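Spelled out, the chains give:
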Amino acid sequence: MEDFLADGKEAEARKLVKHHCHLPGQKGEDYWHWGEICRDLAMAKDALKCYDLALAQEPNNPQVMYSKAQLLYEIGLVPRAKRLAFKLLSLHPHHQEGRKLLEAIYQETGEKG
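Residues numbered from 1 in each chain as written. Predicted model: local features only at pLDDT ≥ 70, side-chain atom pairs only at ≥ 80, totals over all residues. Heavy atoms only, no water.

Description of the pattern of salt bridges
In a structure, side chains of opposite charge can pair up when their charged atoms sit close to one another.
Then, number 1: Going through the model one piece at a time under the given rule, you end up with four salt bridges.
Then, number 2: Here Lys-68 and Asp-52 are joined by a salt bridge, their closest N and O atoms 2.5 Å apart. One end of the pair, Lys-68, is in helix α5 (residues 62-74); the other, Asp-52, is in helix α4 (residues 44-57), and 16 residues separate them in sequence.
Then, number 3: Take Asp-52: its relative accessible area is 36%, and that puts it in the partly exposed class.
Then, number 4: Between Lys-82 and Glu-111 there is a salt bridge, with the nearest N and O atoms lying 2.6 Å from each other. Of the two residues, Lys-82 is situated in helix α6 (residues 78-91) and Glu-111 in the segment after α7 (96-109); the sequence distance between them amounts to 29 residues. (Salt bridge = Lys/Arg side-chain N within 4 Å of Asp/Glu carboxyl O. Helix = DSSP H or I, 4+ residues; strand = E, 2+ residues; numbered from the N terminus. Buried < 20%, exposed > 50% of the residue type's maximum accessible area, 1.4 Å probe, protein only.)

Here we look at the state of the cysteines
Then, number 1: Taken as a whole and assessed by the stated rule, the structure comprises zero disulfides.
Then, number 2: No disulfide involves Cys-38; its nearest neighbouring cysteine sulfur is the one of Cys-21, lying 4.0 Å away. (Disulfide = S-S within 2.5 Å.)

Regarding the packing of helix α2 (residues 10-21) against helix α3 (residues 28-40)
Then, number 1: One can describe the packing of α2 onto α3 by two numbers: an axis separation of 10 Å at closest approach and a directional angle of 155°. If you check the angle between α2 and α3, you find them roughly antiparallel. Our pair here, α2 against α3, has a crossing hand that is left-handed. For the pair α2 and α3, contact is made by Val-17, His-20 and Cys-21 and by Tyr-31, Trp-34, Ile-37 and Cys-38, respectively.
Then, number 2: Its residues placed into classes, the contact of α2 with α3 shows six nonpolar, one polar and no charged. (Axes fitted to C-alpha atoms, helices over the stretch in contact; angles between N-to-C directions. Parallel < 35°, antiparallel > 145°, perpendicular 65-115°, else oblique. Left-handed = near helix turned anticlockwise from the far one by under 90°. Contact = heavy atoms within 4.5 Å. Nonpolar A, V, L, I, M, F, W, Y, C, P; charged D, E, K, R; others polar.)

Some words on the side chain of His-95
Then, number 1: Note on placement: His-95 falls in the loop between α6 and α7.
Then, number 2: Of the residues examined, His-95 reaches a relative accessible area of 16% and is grouped as buried.
Then, number 3: Ignoring anything within four residues of it in the chain, the contact list for His-95 reads Pro-62, Tyr-66, Leu-88 and Leu-89.

Focus on unusual backbone geometry
Backbone phi values are negative for most residues with the exception of glycine, while trans is the configuration of most peptide bonds.
Then, number 1: If you check the backbone angles, Ala-42 has positive phi at about 60° while not being a glycine.
Then, number 2: One can find Ala-42 in the loop between α3 and α4.
Then, number 3: The exposed category is assigned to Ala-42, whose relative accessible area is 60%.

Comments concerning the confidence of the model for the protein
Then, number 1: Overall, the prediction assigns the protein a mean pLDDT of 91, with 92% of residues at 70 or greater.
Then, number 2: Mean pLDDT values over the elements of the protein span from 55, in helix α1 (residues 2-6), up to 98, in α5. (pLDDT = per-residue confidence, 0-100.)

Focus on α5
Then, number 1: Its 13 residues place the ends of α5 18 Å apart at the C-alpha level, agreeing with the 18 Å of an ideal helix rising 1.5 Å per residue.
Then, number 2: Listing the buried residues of α5 in full gives Val-64, Met-65, Tyr-66, Ser-67, Lys-68, Ala-69, Leu-71 and Leu-72.
Then, number 3: Tucked inside the fold, the buried residues of α5 contact α3, α4, α6 and α7.
Then, number 4: Measuring from the backbone nitrogen of Gln-63 back to the side-chain oxygen at the start of α5 gives 2.9 Å, which picks out Asn-61 as the cap.
Then, number 5: Positive phi shows up at Gly-76, right after α5, with a value of about 90°. (Expected span 1.5 Å × (residues − 1). Polar contact = N/O pair within 3.5 Å; in protein donor to acceptor, adjacent residues only side chain to side chain.)

See below:
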């Protein structure tokens, strides 16, 4: 994939990623990694699906929860991002990035947290 991107062939890279990112039988960490790649390629829908696949295997994984919440926030799905960030912090109260994300959400929505 890096070769495609280095050669300016982003469409080919996206096609390759789309083919491989949802293949069954991968570990949760692999799905998370694919989600991050999809996100970098502006493939938000595929990234969210990868994060969901990762969370299906590791429902309380803070890294995956945060990545998904952050992406939801970035694409404007603020209520969903808020719910997931809140869940992340209820399970992992010391997750600093999650705290910052929830704070940003509260500031944007005018709510007090």
